[in-house]
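Per-entry structural report
Chain residues, written in single-letter form:
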Amino acid sequence: MSSLLSATGVVERASSFLAGRVSRRSFMVRSAFAGSALAVAGADFALRPGTAYAAICRCAQAGCSCGSTCCDGYTEFCCTLNGGYNYCPAGSIIGGWWRADGSAYCTGPRYYMDCNALCSCTDGCGGGWPFCDTGCDGLDCGCAGGNCANWATGCFQFRYGQCNQDVACMGRILCRVVSCVPPWEFDTTCTTTNAQDDNTANMHRPCDGGTPYPCDSAATQCDVVAMAATPDGGGYFIVTGFGKLFTYGDATNFGDMSSESLYRPVVDMARTPTGRGYWFVASDGGIFAFGDATFHGSMGGRSLVAPMVGMAATPTGLGYWTVAADGGIFSFGDAVFHGSMGGQSLAHPMVGITATPTGRGYWTVAADGGIFAFGDALFHGSMGGQSLVRQMVGMACTPTGSYWT
């Protein structure tokens, strides 16, 4: 029979059959799906009646029936595997994405991102094949949590390829992240090249509501964007881009945004004078107050020339400033505007702000180390114009009115 029926013919015929029956993300996927069936089922698939779906519907693990969620060819949501957080878990990065319209969970399109495992070796990659051998990706194919009612995890070698294109060799798909925000807006490695499967629009897990802000290349921790010390120096707060707060020493957690659906990522934080509260600012200017921090207004929902990058609180805790990448300063509560670099030409974008001890002035710092002083803030020098190995990311004021960057 093998001399009469080529593998290519099997794949093409199965792909055509599946075209009207299985919505597994486009013809390319249908072909891969049928090809996988041929590889897994071999002669059984070629010689016996049935479909590619039925052939691979032996499932990710024994004991699941073909009607089980684990057998439908899709991958589990990352938040199910990741402690409820909607981002790629440790050891994986976004390999590509697709879009679904008509979802009940987004006012516009819904976006699905596959988190492919990073490979510990490149065995198997090369010659146009972008996946390492399964022994190199650290995954075990199975139903998530060992439950047939969950989708599969660690089973599929597939990649759309719009994200992290510099990573030529990836492992199987560990899980998928879901968002109402386009992937290229929070992971700059992603392109806007569209793939579409509207049939996935309403696939859902209760934990998938948060915006999936990107993790570092090692995927060991989602990006830390800011920190603040407690008043006595006995502890500190750390916040990540998706709004998760971590506390150390005598710092107390009064809540965070990690369980909320953020429209844009958190970029900075400031604590109150008591240390019993803090604010987060998002890149769209939105302000989030916790503990004894009071909301005094924000730029959320307003048009910004450039995204917000930092914030600083007044000494009273009754106001705050925010700074945008173009140098624009925005004042709220008892914070007084003392000038800004908004509307002026900057060699590099602003990345942070800190207030003077009196609260009657502030400094801003640019990515190249340039310092700009306003109000009673005094200029004490900068790294502007000097060679830096890495860009600046922020600054802090001393009790006497000097600063670090």
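What counts as what
- Residues numbered from 1 in each chain as written.
- Predicted model: local features only at pLDDT ≥ 70, side-chain atom pairs only at ≥ 80, totals over all residues.
- Heavy atoms only, no water.
- Buried < 20%, exposed > 50% of the residue type's maximum accessible area, 1.4 Å probe, protein only.
- Helix = DSSP H or I, 4+ residues; strand = E, 2+ residues; numbered from the N terminus.
- Pairing = 2+ DSSP bridges.
- Disulfide = S-S within 2.5 Å.
- Axes fitted to C-alpha atoms, helices over the stretch in contact; angles between N-to-C directions.
- Salt bridge = Lys/Arg side-chain N within 4 Å of Asp/Glu carboxyl O.

Moving on, we come to the pairing of strand 13 (residues 319-324). Counting buried residues along strand 13, 6 of its 6 residues qualify, which places the element largely inside the surrounding structure. Residues of strand 13 alternate between two faces, with Gly-319, Trp-321 and Val-323 on one and Tyr-320, Thr-322 and Ala-324 on the opposite face, all of them buried. Bridge count between strand 12 (residues 308-313) and strand 13: 5 bridges; the pairing is antiparallel. Residue Gly-310 lies in a different strand from strand 13, and its bridge partner there is Val-323.

A separate point is the state of the cysteines. A full pass over the atoms with the stated rule returns 10 disulfides. Through a disulfide, Cys-88 is tied to Cys-115; the S-S separation comes to 2.0 Å. In this structure the cystine formed by Cys-88 and Cys-115 twists about its S-S bond by roughly -80 degrees; its chirality is therefore left-handed. On the criterion of sequence distance, the pair formed by Cys-88 in the loop between helix 5 (78-81) and strand 1 (92-100) and Cys-115 in strand 2 (residues 110-117) is long-range, its members being 27 residues apart. Of the two residues examined, Cys-88 and Cys-115, each falls in the buried class. Sulfur-sulfur distance for the disulfide between Cys-119 and Cys-132 comes to 2.2 Å. Across the S-S bond linking Cys-119 and Cys-132, the dihedral sits near -85 degrees, which makes this disulfide left-handed. Residue Cys-119 is found in the loop between strand 2 and strand 3 (142-143), and its partner Cys-132 is found in the loop between strand 2 and strand 3; the two are separated by 13 residues along the sequence. Judged by its relative accessible area of 24%, Cys-119 falls in the partly exposed class.

Another aspect to go through is unusual backbone geometry. Excluding glycine, residues mostly have negative phi values, and the peptide bonds linking residues are mostly trans. Positive phi, close to 50 degrees, is recorded for Asn-164, a residue that is not glycine. Relative to the assigned elements, Asn-164 resides in the loop between strand 4 (152-153) and strand 5 (173-179). Residue class for Asn-164 comes out buried when judged on its relative accessible area of 12%.

Let's shift gears to the sheet that holds strand 15 (residues 350-355). If you trace the 3 strands from one edge of the open sheet to the other, you get 15-16-17, paired in antiparallel fashion. Either end of the sheet is taken by a strand with one partner, and the two such strands are strand 15 and strand 17 (371-375). The mean angle between the axes of side-by-side strands here comes to 20 degrees, regardless of whether they run parallel or antiparallel. One ladder, built from 5 bridges, connects strand 16 (residues 361-366) with strand 17; its direction is antiparallel. Residue Tyr-362 lies in a different strand from strand 17, and its bridge partner there is Phe-374.

A few words on the pattern of salt bridges. Inspection of every chain in the model, using the stated rule, returns 3 salt bridges. Here Asp-101 and Arg-99 are joined by a salt bridge, their closest N and O atoms 2.8 Å apart. For Arg-99, a relative accessible area of 26% translates into the label partly exposed. Note that Asp-137 and Arg-172 form a salt bridge whose closest N and O atoms lie 2.8 Å from each other. In this pair, Asp-137 sits in the loop between strand 2 and strand 3 while Arg-172 sits in the loop between strand 4 and strand 5, placing the two residues 35 residues apart along the sequence. Overall, Arg-172 belongs to the buried group, its relative accessible area being 8%.

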